[in-house]
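# Examining the three-dimensional arrangement
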Amino acid sequence: MNPDLRLVAADMDGTLLDAEGRVPDRLWPLLEIMRERGILFVPASGRQYATLRTLFARAAAGMPFIAENGTYVVRDDVEISSAPLDADTVRAVIAALAGTPADYGIVICGRDRAWVSRTDDAFLGEVDKYYVVHEVIADLDAVADQAIKIAVFCFGDAETEIAPALAGFRATHQVVVSGAAWVDVMDARVNKGEALRALQDALGIGPEHSAAFGDYLNDLEMLQAVEWSYAMDNAHPDVKAVARSLAPHHHDEGVIEVLGELLGVEV
């Protein structure tokens with residue numbers, strides 16, 4: 001039996017996107033079918049809104065975006081919600097990381113752009129993947145615009161090399177390992193799940209009419225916000241433990257395969 005779906009949320013990296021970070025070509029016809037049936041597709045990612053909007057430019061009209069791990073939710077360029085960080089927190093996170101021996105770089109994420117101070121090609125190459133609109137600034141403490149997230153890229157293992165240095169912020173903020181190389185610091189009230197629930201409430205769509213796909217720790221709450229939850233075959237063990245079902249590996253376009261089954265169409 002096919003579910004009565006009205007909303008489908010999907011993480012990007014390690015979930016929907018292929019190994020080169022591209023949207024699979026087979027998704028576009030499915031998005032058209034979903035649009036005809038009144039089913040919303042919601043990209044939900046740690047990536048910035050500008051990056052997500054670029055990825056889905058050919059289908060972005062009317063599409064809600066959960067960007068920056070839930071700290072910024074937008075539809076048709078209109079902000080639905082955001083959760084800024086105060087300047088003291090930004091400075092404190094920068095200071096806390098200064099003593100770690102890890103090889104890392106910091107991204108200060110705003111609504112419209114991001115800021116970095118590290119300028120080597122290796123780091124900027126990673127930043128370019130997730131933050132298409134960014135600026136280099138000599139001193140991150142001097143960023144004047146309001147930050148909605150702090151993202152830290154680690155050239156080693158983010159969970160063991162960066163997250164412990166930020167443990168002191170867990171009592172007051174979200175400190176989320178959002179990928180093997182990334183740790184995000186956000187407002188304590190924010191995650192993809194809370195953003196998705198707020199979107200469901202605004203649209204009058206219940207969990208029983210919602211599906212979600214994810215692969216990493218920043219997807220846990222989102223999977224718990226829907227009845228039809230799928231962990232990718234390549235997902236973190238904790239994500240597989242939470243999800244109700246398993247989707248094929250993202251290299252095998254698992255989201256596409258499952259969506260075809262849920263929609264009852266050939267893909």
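Just so it is clear, the structure is predicted and the values come from calculations on it, not from any experiment. (Residues numbered from 1 in each chain as written. Predicted model: local features only at pLDDT ≥ 70, side-chain atom pairs only at ≥ 80, totals over all residues. Heavy atoms only, no water.)

### Looking at the overall build of the chain
Helix and strand content of the chain: 10 helices and 14 strands. Taken against the 2.2 N^0.38 rule, which gives 18 Å for 267 residues, the C-alpha radius of gyration of the chain at 18 Å falls within 12% of a compact globule. Dimensions of the chain along its principal axes, counting C-alpha atoms only, are 55 × 35 × 35 Å. Residues classed as buried in the chain amount to 56% of the 267 residues present. Summed over all atoms, the accessible surface of the chain reaches about 11100 Å², with 48% contributed by carbon and sulfur. Between the mean site of the 21 positive side-chain charges and the mean site of the 43 negative ones, the chain shows a separation of 4 Å. (Helix = DSSP H or I, 4+ residues; strand = E, 2+ residues; numbered from the N terminus. Rg over C-alpha atoms; globule rule 2.2 N^0.38 Å. Buried < 20%, exposed > 50% of the residue type's maximum accessible area, 1.4 Å probe, protein only. Areas by Shrake-Rupley, 256 points an atom, 1.4 Å probe, with all protein chains shown as cover. Lys, Arg positive; Asp, Glu negative; His and termini not counted. Charge placed at Lys NZ, Arg CZ, Asp CG, Glu CD.)

### Points about the sheet that holds strand 6 (residues 104-109)
Read across the sheet, 6 strands follow the order 8-7-6-9-11-10 without closing on themselves; strand pairing throughout is mixed. Single-partner strands in this sheet number two, and they are strand 8 (134-136) and strand 10 (173-179). Strand after strand, the sheet turns through a mean of 25° between neighbouring axes, direction not considered. As defined by bridge partners, strand 7 (residues 114-116) adjoins strand 8 across 3 bridges and the pair is classed as parallel. Residue W115 lies in a different strand from strand 8, and its bridge partner there is E135. (Pairing = 2+ DSSP bridges. Axes fitted to C-alpha atoms, helices over the stretch in contact; angles between N-to-C directions.)

### A short note on unusual backbone geometry
Look at D76: it is not a glycine, yet its phi comes out positive at around 50°. Tracing the sequence through the fold places D76 in the loop between strand 4 (72-75) and strand 5 (78-82). Taking the relative accessible area as the measure of exposure, D76 reaches 40% and is therefore partly exposed. Look at E253: it is not a glycine, yet its phi comes out positive at around 55°. Of note, E253 is situated in the loop between strand 14 (245-247) and helix 10 (254-263).

### What about a negative patch on the surface?
A cluster of acidic residues, D157, E159, E161 and D238, forms a negative patch on the protein surface. Take D157: it is sitting in the loop between strand 9 (149-154) and helix 6 (158-161). Residue classification places D157 among the partly exposed residues on the basis of a relative accessible area of 30%. (Patch = residues over 30% accessible without salt bridge, like charges linked within 9 Å, V, L, I, M, F, W, Y side chains within 5 Å. Salt bridge = Lys/Arg side-chain N within 4 Å of Asp/Glu carboxyl O.)

### Observations regarding the sheet that holds strand 4
If you trace the 3 strands from one edge of the open sheet to the other, you get 3-4-5, paired in antiparallel fashion. Two strands lie at the open edges of the sheet, namely strand 3 (64-67) and strand 5, each paired on one side alone. Across the sheet, the mean angle from the axis of one strand to that of its neighbour is 20°, orientation sign disregarded. Pairing geometry for strand 4 and strand 5, over 4 bridges, is antiparallel. Paired with R75 across the bridge in strand 5 is V78.

### Focus on the state of the cysteines
Taken as a whole and judged by the stated rule, the model has 0 disulfides. Here C154 is not cross-linked by a disulfide; its sulfur's nearest cysteine counterpart is in C109, at 16 Å. (Disulfide = S-S within 2.5 Å.)

### Quick look at the environment of K240
Note on placement: K240 falls in helix 9 (residues 237-242). Separated by 11 residues in the primary sequence, K240 and S229 have C-alpha atoms spaced 9.8 Å apart. With residues up to four places along the chain from it excluded, the contact list for K240 reads A231, M232, D233, A235 and L246. (Contact = heavy atoms within 4.5 Å.)

### Describing the pattern of salt bridges
Across all of its chains, the model carries 18 salt bridges by this definition. Between D18 and R22 there is a salt bridge; the shortest N-O distance is 3.0 Å. On the accessibility criterion, R22 (48% relative accessible area) is partly exposed. Residues E20 and R22 are paired through a salt bridge, measuring 3.1 Å at the closest nitrogen-oxygen approach. Salt bridges here are not isolated pairs; linked through shared partners, they connect D11, K192 and D219.

### Re the pairing of strand 6
Burial analysis of strand 6 places 6 of its 6 residues in the buried class, which makes it a mostly covered element. In strand 6, alternate side chains face the same way, and those of Y104, I106 and I108 on one face and G105, V107 and C109 on the other are all buried. In this sheet, strand 9 lies alongside strand 6 in antiparallel orientation, the contact comprising 6 bridges. Looking at strand 9, one finds that G105 is bridged to F153. Where strand 6 lies against strand 7, 2 bridges are found, and the strand directions are antiparallel. Bridging from a neighbouring strand, I108 pairs with W115 of strand 7.

Note that every value here comes from positions in space, so none of it alone points to a role or purpose.
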